[in-house]
Amino acid sequence: MNERDQLLEGLRRRCLDERVIAAVAEVPRELFVAPALQPFAYADRPLPIGGGQTISQPSLVARMCDLLELGDDDVVLDVGTGSGYHAALLARLSRHVYGVELDEGLAAQAARSLELAGIDNVTVVAGDGSAGVPAHAPFQAINVAATATGEVPAALERQLAIGGRLIAPVERGGGEHLLFVRRTPDGLQRTPLDAVRFVPLR
Ligand code: SAH
């Protein structure tokens, strides 16, 4: 079995939503990494994307997409868009994605890779994603790919629609884990999940 099929098989074993597995099957990860790394595009491991940043291993990207319970009509905010790969998967599972990336060079490259991949429902914005994108809020889902210290930036939680879901790595008490947040009519429910390692949110 080749690495790509192994990856998809692994996602099936973990019982991820079929739509998420289909998105991983359809999005060419090789378009989001440097040519020298293309032979490793389907290995289930993180890869460098320049500027000291990394793209997470595909199984973790898929798990985060799965947790967001995306629907075809959802508008999604992606903070720390980096290479654009995670945004590409989110885009296959929703109506539109606003991706915010602090590094202007990475933001421009992400926009080019998304275009090459034929994905036209992502708007990449260069800037500080911890402020969110108030002009397009509220979002049904928010994905954060860089670790916040202590808690998720308040502006992001504020931009979550009622019924909306947010997933973000958070560092607290020396440990780092994914935090899942859901906005219900009664307020925010926060649930700590898997231990993870991401680059810091700046
Ligand atoms: N989701 C990316 C992986 C990104 S790594 C992918 O699929 O490739 C985390 C990214 O967050 C880095 O590119 C880093 O530049 C960016 N980042 C860090 N702090 C940020 C901030 N405050 N606003 C926007 N992007 C930020």
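The paragraphs below set out a description of the structure included in this document. Since this is a predicted model, take the numbers as computed values, not measurements.

Let's talk about helix α4 (residues 85–92)
Every α-helix winds through 3.6 residues per turn, so residues three or four apart in the chain are directed the same way. Within α4, 7 of the 8 residues are buried, which leaves it mostly tucked inside the rest of the structure. Turning to α4, its buried residues number three or more, namely Tyr 85, His 86, Ala 87, Ala 88, Leu 89, Leu 90 and Ala 91.

What about the pattern of salt bridges?
Per the stated rule, a full pass over the model turns up 8 salt bridges. Here Arg 4 and Asp 5 are joined by a salt bridge, their closest N and O atoms 4.0 Å apart. Across the pair Glu 157 and Arg 190 runs a salt bridge, and its minimum N-O distance is 2.8 Å. Of this pair, Glu 157 sits in helix α6 (residues 154–158) while Arg 190 sits in strand β10 (residues 187–195), and the two are 33 residues apart along the sequence.

Notes on the pairing of strand β1 (residues 47–50)
Looking along a regular strand, one sees side chains alternate from face to face of the sheet. Here β1 runs beside strand β2 (residues 53–55); their pairing, made up of 3 bridges, is antiparallel. From the neighbouring strand, Leu 47 faces β2, where its bridge partner is Ile 55.

Considerations on the site of the ligand
Taken together, 24 residues lie near the ligand, and Ser 83, Glu 101, Asp 128, Gly 129 and Arg 202 sit nearest. Glu 101 places a side-chain nitrogen or oxygen 2.6 Å from an oxygen atom of the ligand. The separation between a nitrogen atom of the ligand and a polar side-chain atom of Asp 128 is 2.8 Å. Protein contact buries 99% of the 580 Å² of open area that the ligand shows by itself. At the level of secondary structure, the elements contributing two or more residues to the shell around the ligand comprise β2, α4 and β4 (96–101). Class assignment of the residues belonging to the shell around the ligand gives a composition of 11 nonpolar, 10 polar and 3 charged.

A word on the nonpolar core
Judged by nonpolar contacts, the single largest core of 45 residues is most densely connected at Val 24, Tyr 85 and Leu 89. Mapped onto this core, the elements with two or more residues apiece are α1 (3–13), α2 (18–26), β1, α3 (58–67), α4, α5 (104–116) and β9 (175–184). Setting aside residues up to four positions removed in sequence, Leu 89 forms contacts with Ala 23, Val 24, Val 27, Val 61 and Cys 65.

A word on the packing of α1 against α2
Look at α1 against α2: their axes get within 10 Å of each other, and the N-to-C directions meet at 170°. Comparing their axes, α2 and α1 come out roughly antiparallel. Residue-level inspection shows Arg 4, Leu 7, Leu 8, Leu 11 and Arg 12 of α1 in contact with α2, the latter providing Glu 18, Ile 21, Val 24 and Ala 25. Tallied by class, the residues present in the contact of α1 with α2 amount to 6 nonpolar, no polar and 3 charged.

Re the packing of aromatic side chains
Two measures describe an aromatic ring pair: the distance that separates the ring centres and the angle between the ring planes. One pass over the structure, following the stated rule, counts 2 aromatic pairs. For the pair Phe 32 and Tyr 85, a centre-to-centre distance of 5.9 Å together with 65° between the ring planes defines the contact as edge-to-face. Residue Phe 32 is located in the loop between α2 and β1, and its partner Tyr 85 is located in helix α4; the two are separated by 53 residues in the primary sequence. Judged by its relative accessible area of 5%, Phe 32 is buried. Directly above the ring of Tyr 42 sits Arg 4, whose terminal nitrogen or CZ lies 5.8 Å from the centroid. Positioned above the aromatic ring of Tyr 85 is the side chain of Arg 29, whose terminal nitrogen or guanidinium carbon lies 5.5 Å from the ring centre.

What to know about the pairing of strand β3 (residues 75–79)
In terms of residue burial, β3 counts as a mostly covered element, since 5 of its 5 residues are buried. With burial as the criterion, each face of β3 is covered, one bearing Val 75, Leu 77 and Val 79 and the other bearing Val 76 and Asp 78. As paired strands, β3 and β4 are joined by 5 bridges and run parallel to one another. Residue pairing in the sheet places Val 75 in a bridge with His 96 of β4. Following the chain from β3 across α4 to the adjacent parallel β4, one finds a crossover that is right-handed.

Cut-off values and rules
- Residues numbered from 1 in each chain as written.
- Predicted model: local features only at pLDDT ≥ 70, side-chain atom pairs only at ≥ 80, totals over all residues.
- Heavy atoms only, no water.
- Buried < 20%, exposed > 50% of the residue type's maximum accessible area, 1.4 Å probe, protein only.
- Helix = DSSP H or I, 4+ residues; strand = E, 2+ residues; numbered from the N terminus.
- Salt bridge = Lys/Arg side-chain N within 4 Å of Asp/Glu carboxyl O.
- Pairing = 2+ DSSP bridges.
- Near = heavy atom within 4 Å.
- Polar contact = N/O pair within 3.5 Å; in protein donor to acceptor, adjacent residues only side chain to side chain.
- Areas by Shrake-Rupley, 256 points an atom, 1.4 Å probe, with all protein chains shown as cover.
- Nonpolar A, V, L, I, M, F, W, Y, C, P; charged D, E, K, R; others polar.
- Core = buried A, V, L, I, M, F, W, Y, C linked by side-chain atoms within 4.5 Å.
- Contact = heavy atoms within 4.5 Å.
- Axes fitted to C-alpha atoms, helices over the stretch in contact; angles between N-to-C directions.
- Parallel < 35°, antiparallel > 145°, perpendicular 65-115°, else oblique.
- Phe/Tyr/Trp six-rings, centres within 6.5 Å; stacked < 30°, edge-to-face > 60°.
- Lys NZ or Arg CZ within 6 Å of the ring centre and 35° of its normal.
- Right-handed = clockwise from strand over helix to strand, strands pointing away.

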